[in-house]
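# Per-entry structural report
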Amino acid sequence: MDYNFHWQPVIGRLPDLLLASLDTLQVAALSIVLGIVIGLLLAILRMNARGRWTPLQWFAVAWIEIARNTPVLFQLFFFGFGLGAWGWHLSPFMIVLAGLSFNCAGYLAENFRGGFQSIPDTQYRAARSVGMSAGQTYYHIIIPQVLRKVWHPLTNQIVWAVLMSSLGMLVGYQELTGSAQYFASRTYRIFEYFAVVALIYYALVKLILMASRMLGWRLFRSEGGV
Amino acid sequence: MIDITNLHKRFGPLHVLKGINLTVDKGEVLSVIGSSGSGKSTLLYCINGLESIQDGSIRVDDTEVHHPKTDLNRLRQKLGMVFQQWNSFPHLTALENVALAPRIVKGQSKSEASERASEQLNHVGLGDKLDSYPHALSGGQQQRLAIARALAMEPSLMLFDEATSALDPELVGEVLDTMRMLAREGMTMICVTHEMGFARDVSDRVAYFHQGIMEEIGPPEQLFNTPQSEHTRAFLSKVR
């Protein structure tokens, strides 16, 4: 072990790394938002199958199965290089956004489905029996309870999206990992760069978990928070 | 005020109600007794339109419940329902449980709805639990909360579906007392129940259901003391 640590180049690039981590957060946040919206739709489609399978239901099931049972990297490569075969060329940012949204939607769909199915039918009936419409019942009674059930899996998925966005490096997206790789290759301080980047990821995840806990505390007072 | 003629209800091949004819007058308390699977609870679900019917008609105050053009959300405001499982909304306080529907369905202001909700909760003896969440209430308290929630819509009729069956024995009394109080106040009630004491003391009439047929209906003294039908006699000898 005669390795000499040189932190100076990394410290000098810290502002650039922090800026790059904003790109990480941006693509993760956007894919989570898209993932929630699409995941909710997929869950509703899948729950409405009830023995009668239409092409829409097959579509939802296929999406969920592929997203959950193949490596995320393959999913990114599909949007990066797979679509290229049909002449579709996405920007690196769009590849990561599409890949992560696809993946998050598949996972969240199953979380949402589990959440909805854990709410007893009787809650629905009770709400309808006092004259609430179906929409009011979902908005005021069902969704808030589902949100409570999926809160932890959802937080998990947000963390996951932040960490998975590092795969963006492999399709040319200059987020935190991509930038670190770029700077490291010019200075050969590979260990130092990735050690610092690991710390930044750790801090980002801790921030997300803290925010989730605080928000959960406010939202779920009825059960003493989360 | 409720007029049921030749009501048939099927769940697939299962014929659950086989031609029920029944009238309930304003202010009347009707208890419905019978063994499990006799169709008593289904009758209640059909009355407030939570279940469809296959034949016959149900009229509530001259509104045909199962007419396609009937606004069920509007009709259900008149029909309070209390379920066997108490079904309080776990994410809302007692006060919010009661005030929610008057606010979003009837359009009452938040303060008006809260004020009336606290009156209703006082009425059922939960005046000191306004800000409690359901998980902090006992089964009996949750069931009284469910009664207050139904009453807050100012219904003209209350449907009780085995309101005490899921309760611990020591909690049954407080719920029955609340139901007795409503009966004294002149509320029209249909109570599906296994509480023979309640059926005997509180109801104006008692109906006995057997395998989807209303075997017998009459004043409690008649039905309990001199039952006409053999099935009624057999049932009563088992529960007494």
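Residues numbered from 1 in each chain as written. Chains lettered and ligands numbered in written order. Predicted model: local features only at pLDDT ≥ 70, side-chain atom pairs only at ≥ 80, totals over all residues.

### Quick word on the overall build of chain B
Scanning chain B from N- to C-terminus turns up nine helices and ten strands. Computed over the C-alpha atoms, the radius of gyration of chain B is 18 Å, within 12% of the 18 Å expected from 2.2 N^0.38 for a compact globule of 240 residues. With the C-alpha coordinates aligned to their principal axes, the bounding extent of chain B is approximately 55 × 45 × 30 Å. When each of the 240 residues of chain B is scored for burial, the buried share is 45%. (Helix = DSSP H or I, 4+ residues; strand = E, 2+ residues; numbered from the N terminus. Rg over C-alpha atoms; globule rule 2.2 N^0.38 Å. Buried ≥ 20, exposed ≤ 12 C-beta atoms within 10 Å, placed from the backbone.)

### Some remarks on the overall build of chain A
A count of helices and strands for chain A gives nine helices and zero strands. Starting at the N terminus, the α and β elements of chain A follow one another as α-α-α-α-α-α-α-α-α. A principal-axis box enclosing the C-alpha atoms of chain A has dimensions of 75 × 50 × 30 Å. Per-residue burial for chain A yields a buried fraction of 33% across its 226 residues. Of the contacts made within chain A by residues no fewer than 6 positions apart, 72% connect residues no fewer than 24 positions apart. (Contact = placed C-beta atoms within 7 Å.)

### Quick look at the nonpolar core
V32, I47, V82, A148, A150, L159 and F160 of chain B are the most contacted members of the largest nonpolar core, which has 73 residues in total. Excluding its chain neighbours within four sequence positions, the residues that come into contact with V32 of chain B are K40, L43, I190, C191, V192, A207 and F209 of chain B. Core analysis: the next-biggest nonpolar cluster, separate from the first, contains 34 residues, V96, L100, C104 and Y173 of chain A among them. (Core = buried A, V, L, I, M, F, W, Y, C linked by C-beta atoms within 7 Å.)

### Thoughts on the environment of A148 of chain B
Residue and element names in this part refer to chain B. Tracing the backbone through its elements, the reader meets A148 in helix α5 (residues 139-151). Exposure remark for A148: the 26 C-beta atoms within 10 Å place this residue in the buried category. Residues A148 and G125 lie 23 residues apart in sequence; the distance between their C-alpha atoms is 9.7 Å.

### With respect to the environment of T177 of chain A
All names here are of chain A. Its location among the elements puts T177 in helix α8 (residues 176-187). T177 gets classed as buried once you count the C-beta atoms within 10 Å, which come to 25. Taking the C-alpha atoms as reference points, T177 and S165, separated by twelve residues in sequence, lie 8.6 Å from one another. Once you skip the residues sitting within four places of it in the chain, T177 turns out to touch S166, M169 and V197.

### Focus: the UniProt feature "transmembrane region" (unreviewed entry) in chain A
Residue and element names in this part refer to chain A. Listed under "transmembrane region" (unreviewed entry) in the UniProt record, and renumbered for this structure, are residues 25-45, 66-86, 92-109 and 193-211. Secondary structure over residues 66-86 splits into 71% helix and 0% strand, and the C-alpha atoms at its two ends are 20 Å apart. Summarising residues 92-109: 100% helix, 0% strand, and an end-to-end C-alpha distance of 26 Å. (UniProt positions renumbered as here; feature names shortened; annotations may be inferred.)

### So, the sheet that holds strand β5 (residues 63-64) of chain B
Residues and elements named next belong to chain B. In space, the four strands of this open sheet follow the order β2-β1-β4-β5, with antiparallel pairing throughout. Lying at the two open borders of the sheet, with one neighbouring strand each, are β2 (14-24) and β5. Here eight bridges tie strand β1 (residues 2-11) to β2, and the two strands are oriented antiparallel to one another. In the sheet register, I2 faces β2, and the bridge partner there is V24. (Pairing = 2+ DSSP bridges.)

### Notes on unusual backbone geometry
One non-glycine residue, N6 of chain B, lies in the positive phi region at around 45 degrees. When you line up the elements, N6 of chain B lands in strand β1.

### What about the sheet that holds strand β6 (residues 79-82) of chain B?
All names here are of chain B. Taken in spatial order, the six strands line up as β6-β7-β8-β3-β9-β10 in an open sheet, and their pairing is mixed. Of all the strands in the sheet, the pair left with one neighbour each is β6 and β10 (213-218). The sheet shows a mean angle of 15 degrees between the axes of neighbouring strands, direction not considered. Pairing of strand β3 (residues 29-33) with strand β9 (residues 205-210) involves four bridges; the strand directions are parallel. Bridge pairing in β9 links V32 to A207. Of the strands in this sheet, β3, β7 (157-161) and β8 (188-192) are in contact with helix α6 (residues 169-184), which crosses β8 at around 150 degrees. (Axes fitted to C-alpha atoms, helices over the stretch in contact; angles between N-to-C directions.)

### Some words on the UniProt feature "domain: ABC transporter" (unreviewed entry) in chain B
As recorded in UniProt, the feature "domain: ABC transporter" (unreviewed entry) lies at residues 2-236 of chain B. Each end of residues 2-236 of chain B is marked by a C-alpha atom, and these two atoms are 27 Å apart; helix forms 37% of the span and strand 26%.

### Overview of the pairing of β3 of chain B
All names here are of chain B. Counted residue by residue, β3 has five buried out of five residues, so it is predominantly covered. The side-chain alternation of β3 yields two buried faces, one formed by V29, S31 and I33 and the other by L30 and V32. As paired elements, β3 and β8 share four bridges and run parallel to each other. Bridge pairing in β8 links V29 to M189.

### Here's the deal with the packing of α8 of chain A against helix α9 (residues 190-219) of chain A
Residue and element names in this part refer to chain A. Between α8 and α9, the least distance of the axes is 9 Å, while the angle of their chain directions is 160 degrees. One element, α8, and the other, α9, form an angle in the roughly antiparallel class. Relative to α9, α8 is oriented so that their crossing is right-handed. Here α8 contributes L176, T177, A180, F183 and A184 to the contact with α9, which in turn contributes I190, Y193, F194, V197 and I200. The residue makeup of the contact of α8 with α9, split by class, is nine nonpolar, one polar and no charged. (Parallel < 35°, antiparallel > 145°, perpendicular 65-115°, else oblique. Left-handed = near helix turned anticlockwise from the far one by under 90°. Nonpolar A, V, L, I, M, F, W, Y, C, P; charged D, E, K, R; others polar.)

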